[in-house]
Amino acid sequence: MTIAWNPGTREWHLGNARASWVLGVLDNGWVGLLHAGAPLAIGPSYRHLGPHDFTGFDNRTGEPVALALPSPGVGDFRVPALVVEGPDGSTVLDPQYAGHRITAGKPKLPGLLPATYVEDDAEADTLEIDLCDGPSGVTVTLALTLFRDQPVVARSMRVANGGSGRVVVRTAMSATLDLPDDDWRLVTLSGTWARERYPDDRALVPGRQGVSSVRGGSGNEHNPFLALRRPATTEAWGECWGIALAWSGNFLAEAEVGHFGTTRVRVGVNPEHFAWPLEPGESFATPEALLAWSDAGVGGMSDALHGLLRHRMARGAWRDRPRPVLLNNWEGTYFDFDHDRIVVMARAAKAMGMELFVLDDGWFGRRDDDNRSLGDWVVNERKLPHGIDGLAREVKALGLLFGLWIEPEMVNPDSDLFRAHPDWAIGVPGRKRTLSRNQLVLDFANPAVVDHIADAIGEVIASAPIDYVKWDWNRFITEPFSPTLPPDRQGEFFHRYTLGMYDLYERLTTRFPHVLFESCASGGARFDAGILAWAPQGWTSDDTDAVERLRIQWGTSLAYPLSSMGAHVSAVPNHQTGRVASLDFRAAVAMFGAFGYELDPTAMSDGDRAAVRRQVAFYTERRDLFQYGRFARLRSPFEGDGNETAWMVSADDGSRAVVAHYRVLFRPWPVYDRLLVRGLDPAARYAVTCWERFDAPMPTIERGGDELMSVGLGIEPPDPMPDGAFADGHRIVRGDFTARLFDLRRL
Ligand code: GLA
């Protein structure tokens, strides 16, 4: 049992070998958080870690109290988890313990909220604590699930109106976490289009700090994730918290340091632009947050989240299946293609060993640029005279899978859909609508719109043998409003939009369970834990430059597994940066993800095509490691001058690994350098083969797991370097943008 209740001390202990959460009913009826983090023995009381007595607010006892459900107006002046406006207009809330249940497994969240799940009740236990505010009748059920094998708690909350008048939920956080000190650094993933999810790492300061979105989506700018690490914590050692929110809409992720040096973290739906009225008997359910704790460094935290997101958030037929190596035509052709050109590209892709051809934007309506036709999901017969069906069949006859791009939530003003239903585009009657990329967002808070798009897109997918869908979302929401909601319910708009989007995902994945969905939003603007429930992989960024990708993929990996990160090799000069890096370097970066190409293979030389064939063979031979192995970050592109990056994947049992070392610029006579490897069996011997190019590996050498992990793998001079076997020009890799991949196999 991972959850124990002690009726004598009125404490719950959620504990496994890797983490403990201890909660207790306080003397005043509140539920306190006595401890969260390091595993503690189950049995003893930990009441001394919380307040002895909390009978009222005063300057000494008021602030340090660690609560499971902080609420406003009753003496805790820090940010609350829940704000509900009562029938009298007051927001005072005094949530008193009213009962609890402990169940094996994990109950489903209400509605379509994405959440982790178990396949066997033995995988987790769930504690549900009921709290009630007497005067208003507001009742709250906090749900905490501890996974048996992971130091991770999934937390969510249901708020119900048990009173007799209408109340309005104004803030409902998925999780708060009260920590007893402020000796942490806050890490968020921030950036912008083509520069997503750079880790921002700063010391906590008194007051509130954090990230959020009011864009209607999680966004390229900030990610619904935060980490706290001790100042001395490294990638491999020390305490680290990571909190990921399973929600693809507006969010808030922040920390508040109180004046006694405590830290309160809260993560959930952004209270900004949110208000959810509840009539008597109605309830509201928050999305789920995953709270991972590790003493094995930032890497240990990432590893815990990766495992759950990969296997217990992602769902469906493609969850554990090898993801196909794809060719996407976007950077190869943009809008300029027709049936014959696509078939020629697909034939070249097949010849190079690729497995899936993806037809991107431009196949429908009158779409030759981004000015028109979003919403008109009928094939452009001028470009594709044999239809999607004819094209898909011809591509599939080559022995490839076939995939298609869609952007179902959008409409161009120049489209038949908009002309027929102008009121289906989001906007406020009487106000202008702001265009972005010449398009408007459809009102997915309106179920009729979702119905229409489900039919239209469903018809497209059903009309042809489609194996993969890239679902894009290329602008944020402005003028938020839905004519289907009354004035006093417009505060539900953003939330209902996201639920409508999830509804469409649910319908399409249910109707087409064999299809692999990849999410995309101007690159990585909807890269979050929630979307993985339907789309197990996402387009990480529109920036395909390999040097830029080192940083983007490094940052993304703080929370998200490699199997979720679409990573493509594109042409040079790179379309986003103008940089010219070698083909093997570009591939060596993209292999750490769901691998593919995004270029015109017919424009490549024979030599490059042969190189791609070798790259694809190298990847597919190790695909289980690249997609489902344990990822460890070894050397950060954000440290020093950023000239080097190293990371690795390893099998759970340490039997195999691939270690990658990348160097951006060459500098003559580099200093001696060894790279400490992780995740191996220290007692085993390994065959180590270094690939500097994918045409010929260096001779295999033998090293011990202990040596590789504690002394390191030679980078300068390179190891393997059999004595005198190499001419100087071969063993010292000159030139910029170089990568070495080391293949490690246990002997
Ligand atoms: C977005 C995506 C790209 C591509 C284009 C098509 O920018 O991120 O990958 O699909 O849209 O318009």
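Since we're looking at a predicted model, the values are computed, not measured.

1. Some thoughts on the overall build of the chain
Looking only at helices and strands, the chain features 13 helices and 38 strands. Taken over C-alpha atoms, the radius of gyration comes to 27 Å for the chain, in line with the 27 Å a tight globule of 747 residues would show. Over its C-alpha atoms, taken along the principal directions, the chain stretches across nearly 80 × 70 × 40 Å. When the 747 residues of the chain are sorted by exposure, 63% land in the buried category.

2. Focus on the pattern of salt bridges
Close approach of charged atoms allows side chains of opposite charge to pair. Throughout the structure, instances matching the rule amount to 68 salt bridges. A salt bridge links D178 to R264, with the nearest nitrogen and oxygen atoms 2.7 Å apart. Separated by 86 residues along the polypeptide, D178 in strand β10 (residues 167-179) and R264 in strand β17 (residues 263-269) bring together distant segments of the chain. Note on accessibility: D178 and R264 belong to one class, buried. Between D503 and R507 there is a salt bridge, and its shortest N-O distance comes to 3.0 Å. Taken together, the residues span about one helical turn, with D503 and R507 both in helix α7 (residues 493-511) at a distance of four residues.

3. Some details on the sheet that holds strand β23 (residues 401-406)
Spatial ordering of the closed barrel is given by β21-β22-β23-β26-β27-β28-β29-β30, a layout of eight strands whose pairing is parallel. In this sheet, adjacent strand axes meet at a mean angle of 30° when their direction is disregarded. With two bridges connecting them, strand β21 (residues 326-328) and strand β30 (residues 594-598) associate as parallel partners. Residue L327 lies in a different strand from β30, and its bridge partner there is Y597. Helix α8 (residues 546-556) rests against β28 (537-539) and β29 (565-570) of the sheet, and its axis sits at about 170° to β29.

4. Quick notes on the sheet that holds strand β3 (residues 20-25)
Reading across the sheet, the four strands line up as β1-β2-β3-β4 and stay open at both edges, with antiparallel pairing between neighbours. The outermost strands of the open sheet, each flanked by one partner alone, are β1 (3-6) and β4 (31-37). Along the sheet, successive strands turn relative to each other by an average axial angle of 15°, direction set aside.

5. Concerning the nonpolar core
Counting residues in each nonpolar core, the largest one holds 203 residues, and the members touching the most others are L359, W363 and F592. With sequence-adjacent residues up to four places away left out, L359 is seen in contact with N329, F337, I342, L384, I388, L391, F402, G403, L404 and W405.

6. A short note on the domain arrangement of the chain
Structurally, the chain comprises domain 1 (3-312), domain 2 (326-539) and domain 3 (632-746). Contacts between the two partners involve 34 residues from domain 1, matched on the other side by 31 residues from domain 2. Note that E282 and R489 form a salt bridge whose closest N and O atoms lie 3.8 Å from each other. Listed by contribution, the elements that provide at least two residues to the side of domain 1 that touches domain 2 are β12 (195-203), β14 (222-229), β15 (240-246) and β18 (276-278). Each residue belonging to the side of domain 1 that touches domain 2 can be placed in one class, and the counts come to 17 nonpolar, ten polar and seven charged.

7. Examining the site of the ligand
Near the ligand you find 13 residues, and of these D360, D361, K470, G523 and D542 are the closest. Take W405: an N or O atom from its side chain is 3.0 Å from an oxygen atom of the ligand. Note that an oxygen atom of the ligand is positioned 2.9 Å from one of the side-chain N or O atoms of D472. Protein contacts shield 96% of the accessible area of the ligand, which totals 310 Å² for the unbound molecule.

8. Regarding the packing of aromatic side chains
For the structure shown, the criterion picks out 36 aromatic pairs. Taken together, a centroid distance of 4.7 Å and an interplanar angle of 35° make the contact between W5 and W12 tilted. Seen in terms of ring centroids, F444 and Y497 are 5.8 Å apart; in terms of plane orientation they differ by 40°. Their pairing is tilted. Of the two residues, F444 sits in the loop between β25 (440-441) and α6 (447-462) while Y497 sits in helix α7, which places them 53 residues apart along the sequence. With respect to class, F444 is no different from Y497; both count as buried. In this structure an aromatic cluster arises from ring pairing among F585, F592, F595, Y597, Y619, F626, F631, W647, Y662 and F737. Lying across the ring of W318, R321 places its NZ or CZ 3.9 Å from the centre. The lysine or arginine in question, R633, covers the ring of W554, its NZ or CZ lying 5.9 Å from the ring centre.

9. Description of α6
For α6, with 16 residues, the first-to-last C-alpha span of 22 Å sits near the 22 Å given by 1.5 Å per residue. If you check which residues of α6 are buried, you get V449, V450, I453, A454, A456, I457, G458, V460 and I461. Where the residues of α6 are buried, they touch β23, α5 (416-420), β26 (468-471), α7 and β27 (516-519). By the N-cap criterion, in which a side-chain oxygen at the helix start approaches the backbone nitrogen of a residue two or three places on, α6 is capped by N446, the distance to A448 being 2.9 Å.

10. Topic: the packing of helix α3 (residues 339-351) against helix α4 (residues 387-397)
Interaxial distance between α3 and α4 falls to 10 Å at its minimum, and their mutual angle equals 20°. The angle between α3 and α4 falls in the class roughly parallel. When you trace α3 past α4, the crossing you get is right-handed. The segment α3 lies against α4, with H339, I342, V343 and A346 engaging G390, L391, E394 and V395. Classifying every residue of the contact of α3 with α4 by side-chain character gives five nonpolar, two polar and one charged.

Cut-offs used in this document
- Residues numbered from 1 in each chain as written.
- Predicted model: local features only at pLDDT ≥ 70, side-chain atom pairs only at ≥ 80, totals over all residues.
- Heavy atoms only, no water.
- Helix = DSSP H or I, 4+ residues; strand = E, 2+ residues; numbered from the N terminus.
- Rg over C-alpha atoms; globule rule 2.2 N^0.38 Å.
- Buried < 20%, exposed > 50% of the residue type's maximum accessible area, 1.4 Å probe, protein only.
- Salt bridge = Lys/Arg side-chain N within 4 Å of Asp/Glu carboxyl O.
- Pairing = 2+ DSSP bridges.
- Axes fitted to C-alpha atoms, helices over the stretch in contact; angles between N-to-C directions.
- Contact = heavy atoms within 4.5 Å.
- Core = buried A, V, L, I, M, F, W, Y, C linked by side-chain atoms within 4.5 Å.
- Domains from an automatic or database assignment.
- Nonpolar A, V, L, I, M, F, W, Y, C, P; charged D, E, K, R; others polar.
- Near = heavy atom within 4 Å.
- Polar contact = N/O pair within 3.5 Å; in protein donor to acceptor, adjacent residues only side chain to side chain.
- Areas by Shrake-Rupley, 256 points an atom, 1.4 Å probe, with all protein chains shown as cover.
- Phe/Tyr/Trp six-rings, centres within 6.5 Å; stacked < 30°, edge-to-face > 60°.
- Lys NZ or Arg CZ within 6 Å of the ring centre and 35° of its normal.
- Expected span 1.5 Å × (residues − 1).
- Parallel < 35°, antiparallel > 145°, perpendicular 65-115°, else oblique.
- Left-handed = near helix turned anticlockwise from the far one by under 90°.

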